[in-house]
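Breakdown of the fold
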Amino acid sequence: MPNGAQALMRTLVDGGVTVCFSNPGTSEMHFVAALDSAPEMRAVLCLFEGVATGAADGYSRMAGKPAATLLHLGCGLGNGLANLHNARKGRVPVVNIVGDHATSHVGYDAPLQSDIETVARNVSSWVRTSQSTAALCRDAAEAITTALGPPGQVATLILPADVSWGEGGVPVQLPPAAPTPSNTDEAVAAIARLLRAGGRSALLLGGRALREPALVAAARVAAATGAKLFAEVFPTRLERGAGLPPVERIAYLAELASVQLAGLDHLILVDAKAPVSFFAYPGKKSYLVPDNCAVHELASPQQDVLGSLEKLVHAVDAGATAPALQAPVRPGRPTGKFTADKVCKAVGHLLPGNAIIVDEAQTSGVMLSAMTAGAPRHDVLTLTGGAIGQGLPCAVGAAIACPDRPVLALVGDGSAMYTIQALWTMAREKLNVVAVVLNNRAYAILNVELQRVGAAEAGPKAKGQLDLQDPALDFVQMSRGMGVSAVRATTTDEFVAALEAALRTPGPHLIDAVVPSAISGLKLRLLPRVLASLAGLPAPLGRAIKRKLAP
Ligand SMILES: Cc1ncc(C[n+]2csc(CCOP(=O)(O)OP(=O)(O)O)c2C)c(N)n1
């Protein structure tokens, strides 16, 4: 008979969980030993829990099934919380296995004793401390089923050491998945009626609605009814590029989102929430839906998104309507002064087909959407929960889920430093990741926010909290120190050459792109650029962008 840990391993593997991003300690040693009992389980060591949880998030977004994490008690789980938060907000399935002291040891308040369940609850919709070896695999099967959803969720199984080492574990198979209902015919018909009634309507697509089949269905509805298509601000996984329906993302800046949504009579949610601003600002609205706009829900996160959209296609008689599709168009090779925009332009110029872009470029990525709009089809994974330090780990997970696809991670220097250890895992696992650090030597976005919140005139101490110049971070040395080849680019030509070389050479590479901050002279420069990156371009900006994109 297997012990608890061995039976758990079998239950995970049989339940489709075949990758474990781990950072273990003593209480997890039986689980670690059991890894070799299941050849199907890939174990990936991460040198910080935030890397393990972010990798599990990225893996699951691309694999469409959960990975496990292996974390060490409350402290280890706590270290991984920020990226579990991102997974939760993105409705991404993750199964955490968190080791705990043996039940007989808990009463002694040993140094690592803490209230793990309390730590877990913040990010997990399912938390259980398994009480016995006999119950363990039933608990694990429930954790996997809950994580799978819909909606995808974070489930945390706490594994006391004696439950793990106890004899008599019995693997458990997952129950057959319950069918996911689409919205009712009546509800869909009501939405179809209002779409045909002639007001100004938009579909707001989120979650699973940003995958190709759902996008095509939504684009048919849009073409047949004149409704606009929006995507949520930070998509979990957006399929885009040449040949796919283009969709305009709601802007991060509430001022711009309000412009996008102005004049709408109906906003129809498809696996998405009604838009709110990221933060509250004095005198500004938090809820961004215009006052006279009615909100309807075509598909909730619990429902069948594609099924509901297909019902709507039928109800508006759009089955034979051709969806608008993005034409192939790439920007020319960038030249001249090196800026973050040139990095984005180079990405648009060189992006290989079927790539996965992980976008944590922050202010430096303002032009990324526009520059890659007509590139070969690709997936974009974004910072769903706003907790930075997600980009490099997410790239690890995406590359493990899709070993045949190139992964390009664009990360701000500030963001990169949170989970820089991800580079070591990239090297150890020989992942095809090109990491571009947009090294503007600042927390530049916070300079914007400092102005937007209307704080008092910033003095040197305040400005010092947003400045990363001294000492300058040397990402080339850090990367090489973790086994990832790296170069620094300080000119546009150097960057383009480095990106070309990195994309054609297997294995991980890092490019330290030393760029000026994209937001100096904030009001004059940032807002027009963000506006320009939106699909509904005002004419002069549209012309300017087209000039930039012209080969
Ligand atoms: C976990 C977490 N800590 C802190 C923040 C606050 N924060 C938001 S953006 C940012 C700085 C980002 O800097 P960088 O990645 O260099 O991008 P830039 O703003 O310079 O474009 C910080 C600290 C956050 N969002 N999440």
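Some words on the nonpolar core
Nonpolar side chains in soluble globular proteins tend to be buried together. Counting residues in hydrophobic clusters, the biggest one holds 61 residues, and the most contacted among them are Leu203, Leu205, Val436 and Phe495. Here this core gets seven residues from one element, more than from any other, and that element is helix 10 (residues 212-225). Leaving out residues up to four positions away in the same chain, Leu205 has contacts with Leu210, Leu215, Ala218, Leu229, Phe230, Ala231, Glu232, Val247, Val270 and Ala272. Formed by 56 residues, the second largest nonpolar core is a distinct cluster that contains Phe21, Ile116, Ile158 and Leu510.

Focus: the side chain of Thr69
Secondary-structure assignment places Thr69 in strand 3 (residues 68-72). The residues touching Thr69, leaving out its near neighbours within four places in the chain, are Cys20, Phe21, Ala52, Thr53, Ala56, Val94, Val95, Asn96 and Ile97.

Description of the packing of aromatic side chains
Applying the stated criterion across every chain yields a total of six aromatic pairs. Feature note: the residues Phe234, Tyr252, Phe278 and Phe279 constitute an aromatic cluster, connected by ring pairs.

What to know about helix 11 (residues 254-261)
Residues of helix 11 that are buried include every one of Ala254, Leu256, Ala257, Gln260 and Leu261, and no others. The buried residues of helix 11 all sit within an arc of 155 degrees when viewed along its axis, so they share a single face.

Let's talk about the site of the ligand
In the neighbourhood of the ligand, 18 residues make up the surrounding shell, with Thr363, Asp413, Gly414, Ser415 and Ile445 lying closest. In this structure, an oxygen atom belonging to the ligand sits 2.8 Å away from a main-chain N or O atom of Gly414. Ile445 places a polar main-chain atom, nitrogen or oxygen, 2.7 Å from an oxygen atom of the ligand. When the free accessible area of the ligand is taken as 590 Å², the share hidden by the protein chains comes to 79%. Taken together, the elements giving at least two residues each to the shell around the ligand come down to helix 16 (413-418) and helix 18 (444-452). Looking at the shell around the ligand element by element, the count peaks at four residues for helix 16.

Focus on the pattern of salt bridges
One pass over the full model with this rule turns up 22 salt bridges. Close ionic contact of Asp271 with Arg208 constitutes a salt bridge, the shortest N to O distance being 3.0 Å. On the criterion of sequence distance, the pair formed by Asp271 in the loop between strand 11 (266-270) and strand 12 (294-299) and Arg208 in the loop between strand 7 (201-205) and helix 10 is long-range, its members being 63 residues apart. Here Glu212 and Arg377 are joined by a salt bridge, their closest N and O atoms 3.0 Å apart. Highlighted residues: Glu212 in helix 10 and Arg377 in the loop between helix 14 (368-372) and strand 14 (378-382), separated in sequence by 165 residues. Here the salt bridges share partners, and the residues they tie into one network are Arg211, Glu212, Arg237, Glu239, Arg377, Asp379 and Arg405.

A look at the sheet that holds strand 11
Read across the open sheet, the five strands follow the order 10-8-7-11-12; overall the sheet is parallel. Looking along the sheet, the strands with just one partner apiece sit at the ends: strand 10 (248-249) and strand 12. With five bridges joining them, strand 7 and strand 11 adopt parallel strand pairing. When the bridges of strand 11 are listed, Leu203 appears paired with Ile268. The strands touched by helix 10 within the sheet are strand 7 and strand 8 (228-231), with strand 7 carrying the most contacts at an inclination of about 175 degrees. With respect to the sheet, helix 12 (residues 305-315) is in contact with strand 7, strand 11 and strand 12, its orientation differing from that of strand 12 by roughly 110 degrees.

Conventions adopted
- Residues numbered from 1 in each chain as written.
- Predicted model: local features only at pLDDT ≥ 70, side-chain atom pairs only at ≥ 80, totals over all residues.
- Heavy atoms only, no water.
- Core = buried A, V, L, I, M, F, W, Y, C linked by side-chain atoms within 4.5 Å.
- Buried < 20%, exposed > 50% of the residue type's maximum accessible area, 1.4 Å probe, protein only.
- Helix = DSSP H or I, 4+ residues; strand = E, 2+ residues; numbered from the N terminus.
- Contact = heavy atoms within 4.5 Å.
- Phe/Tyr/Trp six-rings, centres within 6.5 Å; stacked < 30°, edge-to-face > 60°.
- Arc of directions from axis to C-beta.
- Near = heavy atom within 4 Å.
- Polar contact = N/O pair within 3.5 Å; in protein donor to acceptor, adjacent residues only side chain to side chain.
- Areas by Shrake-Rupley, 256 points an atom, 1.4 Å probe, with all protein chains shown as cover.
- Salt bridge = Lys/Arg side-chain N within 4 Å of Asp/Glu carboxyl O.
- Pairing = 2+ DSSP bridges.
- Axes fitted to C-alpha atoms, helices over the stretch in contact; angles between N-to-C directions.

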